[in-house]
Structures are given as C-alpha cells and as structure tokens.
There are 2 protein chains.
Amino acid sequence: MDRVGGPRGREAFWDPKAEYWNVPLMRDTEIVERPANQNTITKRYNEEAVRFIKARKDEPFFLYLAHNLPHVPLFCSDDFRSTSARGLFGDVVEEIDAGVGRILQTLEQEGIAENTFVAFTSDNGPWLPFKTHGGSAGLLREGKGCTYEGGMREPTIMRWPGTIKPGVVHELGATMDLYTTVVKLAGGHVPTDRVVDGVDLRHVLFGTGPSPRQTVFYYRGTRIFAVRKGPYKAHFITQTGYGGDKPVPHDPPLLYHLGHDPSEKFNIAQDHPDVIADITKEVEKHQRTLTPAEDQLAKRIEKK
Amino acid sequence: MDRVGGPRGREAFWDPKAEYWNVPLMRDTEIVERPANQNTITKRYNEEAVRFIKARKDEPFFLYLAHNLPHVPLFCSDDFRSTSARGLFGDVVEEIDAGVGRILQTLEQEGIAENTFVAFTSDNGPWLPFKTHGGSAGLLREGKGCTYEGGMREPTIMRWPGTIKPGVVHELGATMDLYTTVVKLAGGHVPTDRVVDGVDLRHVLFGTGPSPRQTVFYYRGTRIFAVRKGPYKAHFITQTGYGGDKPVPHDPPLLYHLGHDPSEKFNIAQDHPDVIADITKEVEKHQRTLTPAEDQLAKRIEKK
C-alpha cells in the first residue's frame, strides 16, 4: 500500500498499474524486488508452492500459502486478464483457483495426496468501498471491518482424500482452530501451560460429532462487539466497516437467529431475553480467562 | 388468500393455521375440500404426481406440478416441521425438495428416467415484507414485484439423464422459452401463424452453442421497466416491489453490468452511451412486434 504514483485516492485502484505501489517482494528477510511486479505474484507464489512441495515430498512439511490477492489493488497475469464474467476481481480469483488446482495436482502426481491435509479459507469479507474490486459477501450483511457476518464469516474447504469424506457441513469453526486441529492431526500435543483458544475440529472433519466450537466472540480492536452462540448472535455494539460512523452501543443487544435470518435483518431481542442472558454469561466467562497484555503495536507506533 | 379468521394483517402469517384461510382445493373444476388443509398439500401434490407418472408411464405424458408453497402463508406436514436450520421457510422447501426426489426416484423405478425431460424453476424472488417467511434472493437486489434481479431472476435445473450432461451454465433463458424448447424436444412444431416469444434452448442443454436468448424485457404491468442484453441491464423505470413508492423514470436509464456487479449497485450509464443506444434500439424493435390486445383482466374486474 506504499503509493508512489498514479491517480490520487481510490482512482488508482480502478485500473491499477504495478508501478503505482512501491511494495517490496521479500524472500525471508531480504527484499528481492521493489516495486514487486504484482501482475505475476499470484502465479509466482503458486509456482513457489509447487516447487516447495516437490522438494519436501519425502518428509513431513507445513506449507502456509497466503496470497496477497484478491486484496486491492487487483492484479493478474496476462493468462487470466479479461477471462472471467466477474471482471478483474473474477480474473484474479480464477488465477488463485487455478493455482490451488496446480497444487492439488502436484500432491496427486507426487503420490502424497492421501497423506496431506489441505485447508483453504479467507481472512475477512469484502472491502465494500472498493465496489466491484472488493468482492461480495453474498446474502451476508455488510463487509470487511465490521462484525456483521459479511465482515467475518468465511467458508472453509478442508481436504484429505481417503480420510475426510467429501461433503458439506454447517458447523462453526474459527481460523484459530486450525492450529489446534492441525497439531492433533499430526499427532502432536497442544501446550497446556497457557490458554489456547483454538478447539479441535476433528469431529467435524470425520463426521464423528458436532463442533466443540459453539461460541464465537467478534472483536473490534480490544472490545467485544458481538457474540454468536449456536444459531443466535447478539450485537452489543455495531458500526459499519468503513462508513465513518461511530460505534453504537445496544442495551439490550440486537439479537438475530442466523439460521432463520442469515442476513441479520430482523432483531428478535424482545422475544428471547433468556438467550441474551445466556450469551451475557458466556461473555463474562470468556472475560475471566483473559489476562490483558501490553499493546505491542501501540509501542511500535509510539517509537516512530 | 381468502381470510376467514386468525389475527389481522400480517400477524396471521407468522404462525399460520390452515383454518385462517378459506381456500378451496380443486380437482379439475370441482371443489373437493374447503378450507383445504394446507399443512398436507405439498405432500399430497407430490403423491398425486407420483401416481400420475405410474399410471402414464407407458405413453408420452406432460406433467405440470405447480406447488402452492413456499408462498405465504407457509405450511408443512408434521414430518418436516422444525427440521431445517432455516425455520418454517426451510422446512417447507425441504418438503418440496423431498417430493422432487420422490418424483425423480419414481422415474428411475419405472425405467423411464432416460426418456423423460424434467425442468425445475420458480416464478419470482422473495416477498420481502414477509421477512424470514418470504425467502431470499441471495446477493441479488430487491425482491418480488420489482424489476431488479432479486425480483425476477431465477435459477433453473433441467435434467434428462443420458441426454443432458451434468454441469452448470450461465446462459440466459426465460420461462416462456420452456414451451418452445419442450415442443422441439418432443419433435413437434411451434406455430408459425403468430409471434411466439419463446426461443429454443436446446443448444444450452446439449452444450452445442450459446443461448439464442440474449435479451430479456422486464415488464411491470404493460410497461417495460428494464431491459437486459448480454451482461448489461438498463433500467428505464424503477420502483420497489412493495415499498409503496411511485415509479421513478430514468433518462438516461441506470446501467449495470450484471457480470461485474450482480447486485446492481454501481450505475455505469455515463461510461457506456453506446450500450444504452443499442438497448434502446432493441426496445424499439421489440415494440414493433407488439399488437396491443384487450386487457381481459380489466373486463373481469369491471364485471364484478
């Protein structure tokens, strides 16, 4: 996001050129290209992942492939430009998808697919001010930066041929559960000398039981804005992601049933004081497990 | 919709009882039950369809199964009540879905699946004032009664094992194309002594070419509100489905690219006067094919 040229403000994003952003491409801690040619980074990240797998196929390995795209500014290689029905955003997603396909194909070709667990997910919902370049949360409300479902709910695909049966489940999990789950899948032990918030999702993967995660706390900064428990979600504070408005506290909280009303349109707080009382208890229980830590980011900003 | 009891206004719909509506159930032109027990009509319609197929399996047949549900007021049989994650609306949809499954199973069991063409579609988008009982158009804008996509775009499933290859296509078609397509599939001839607006969708079904339908005229009453051509859609008039607001004319029309912007959020009329000119020509061409007919409904209403 280090701007060095091009039109000002959001204008530069509609027809982005790699040279507008002075971003470094790094290998370990070394800058190897600056500005990075972002048109080809998705392709190069995918190729690097394939190389890594081929080199490590005979030993246990952990690969974390975090694509920069489809975050704005959007870029794709010439092979994918103007090929999708969904414009540049669609082109970018199709290039990522093709790369995932190449990676899975590599696992097959190297004969390690049945011995490799793959998880695919995303970090947050669409960045709405960037319009068609920001993605879509479908029927979910709002987008990135806010604690409505459109900001934070993401689908996840997990794959392990021969071990995970193909299917679709509607169970709760959170990105922090990946750590606990992967450690368990690998036969390791999760540390017991500290609180680990992630839960083990193996029952969900193997169809042997419900998710141990029934509750999700939706933080914005250090404050709990909303809490989901089972199908219910209570909003104690709401604020649009990037609308420039102030946080609005709610007492009683807004209450939605995400099964009946996945778009969080119809507040049913009045009919369910028992659910609100139960969720409030969950918040108190959760807060008792917290030991406030020093804000390391604040310190770094101060230093500057 | 013939109300005879229960709470007034929309209240009766939230926890509907069959006896609130004095609707007749008819066989041909005869009333066989009044008020109809709507809790079991989905089940009974499905059973009737299965009986019909079994009786007609040795000759060509045409079956048109138009479920009353999931229109409000919502009803389902005890087997499906409170079984879905989506509340009563979900229960109703699951009962319809199970019935479709029974029908397809019947075709298999009777050995006529490979000789039977099945199309499944819907008439309009969600009736939004009925909240969770009205359905959802997903990411599409607005709902029933209006000419945004949420009001009029519906997915369609067509099935003919051994003849239609399983797959997903993103091609345009309209309900009126079913007539032309089905006549052609059955080896018949579409009349040539009148204008038939439906087009033959066989190329789409067999993967042998694009849809001959590239244009859709979105009428409200006798007026064209919007026109889609390819990925572009121009709105000459807009009005919410049931918001009580007046029609708003647009000159130039609002223009959306439904590929890049399926939610019709970002008007791009200013950048594409050529597309608007082209769509305007399509409207003129279409209107030259029309011979205004007498409004038969107006006459009936007058008579009353």
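Cut-offs and rules
- Residues numbered from 1 in each chain as written.
- Chains lettered and ligands numbered in written order.
- Predicted model: local features only at pLDDT ≥ 70, side-chain atom pairs only at ≥ 80, totals over all residues.
- Heavy atoms only, no water.
- Least-squares fit on C-alpha atoms with pLDDT ≥ 70 in both.
- Contact = heavy atoms within 4.5 Å.
- Core = buried A, V, L, I, M, F, W, Y, C linked by side-chain atoms within 4.5 Å.
- Buried < 20%, exposed > 50% of the residue type's maximum accessible area, 1.4 Å probe, protein only.
- Helix = DSSP H or I, 4+ residues; strand = E, 2+ residues; numbered from the N terminus.
- Salt bridge = Lys/Arg side-chain N within 4 Å of Asp/Glu carboxyl O.
- Axes fitted to C-alpha atoms, helices over the stretch in contact; angles between N-to-C directions.
- Parallel < 35°, antiparallel > 145°, perpendicular 65-115°, else oblique.
- Nonpolar A, V, L, I, M, F, W, Y, C, P; charged D, E, K, R; others polar.
- Buried area = accessible area lost by both parts, 1.4 Å probe.

Enquirer: Give a description of the relation of the copies chain A and chain B that names residues and reports values.
Expert: Mapping between the two copies of the chain is achieved by a rotation about an axis and a shift along the axis. After a rotation of 180 degrees and a shift along the axis of 0.0 Å, chain A superposes on chain B with an RMSD of 0.0 Å. Both chain copies can therefore be described as sitting about a two-fold axis. Within chain A, L139 of chain A has its C-alpha nearest the rotation axis, a separation of 2.5 Å. Comparing contact sets, 100% of the residues at the interface of chain A also lie at the interface in chain B, consistent with an isologous, same-surface contact.

Enquirer: For the nonpolar core, give the residues involved together with the corresponding values.
Expert: Counting residues in hydrophobic clusters, the biggest one holds 21 residues, and the most contacted among them are W21, L69, V72, L74 and V92 of chain B. Listing elements by their share of this core, those giving two or more residues are helix 1 (11-14) and helix 3 (87-109) of chain B. Of the residues forming this core, the biggest block, 4 residues, is contributed by helix 3 of chain B. If you look at the next biggest cluster of nonpolar residues, it comprises 20 residues, including V72, F75, L88 and V92 of chain A.

Enquirer: Which residues make up the pattern of salt bridges, and what values go with them?
Expert: Opposite charge on two side chains allows them to pair when their charged atoms are near. Residues and elements named next belong to chain A. What the rule picks out here adds up to 36 salt bridges over all chains. Across the salt bridge formed by E108 and R159, the nearest N and O atoms sit 2.8 Å from each other. Of the two residues, E108 is situated in helix 3 (residues 87-109) and R159 in strand 4 (residues 157-159); the sequence distance between them amounts to 51 residues. Residue class for E108 comes out partly exposed when judged on its relative accessible area of 45%.

Enquirer: Tell me what's going on with the packing of helix 2 (residues 41-56) of chain A against helix 3 of chain A, and back it up with residues and numbers.
Expert: All names here are of chain A. The interhelical angle for the contact between helix 2 and helix 3, taken along N-to-C directions, is 10 degrees, at an axis separation of 9 Å. One element, helix 2, and the other, helix 3, form an angle in the roughly parallel class. For the pair formed by helix 2 and helix 3, the contact residues are T42, K43, N46, A49, V50, I53 and K54 on the first element and E95, I96, G99, V100, R102, I103, T106 and L107 on the second. Looking at side-chain class alone, the contact of helix 2 with helix 3 contains 7 nonpolar, 4 polar and 4 charged residues.

Enquirer: Hey, could you go over the interface of chain A and chain B for me, with residue numbers and the actual values?
Expert: Frequently, the measure chosen for interface size is the accessible area that the parts lose on association. Each partner contributes residues to the interface: chain A has 16 residues there, and chain B has 16 residues. Buried area between chain A and chain B, both sides added, is near 1100 Å², and the carbon and sulfur share of it is 68%. The largest per-residue losses of area from chain A upon contact with chain B belong to T132, H260 and F266 of chain A, which jointly make up 39% of the total buried on that side. Linking chain A with chain B are 0 salt bridges, by the criterion used here.

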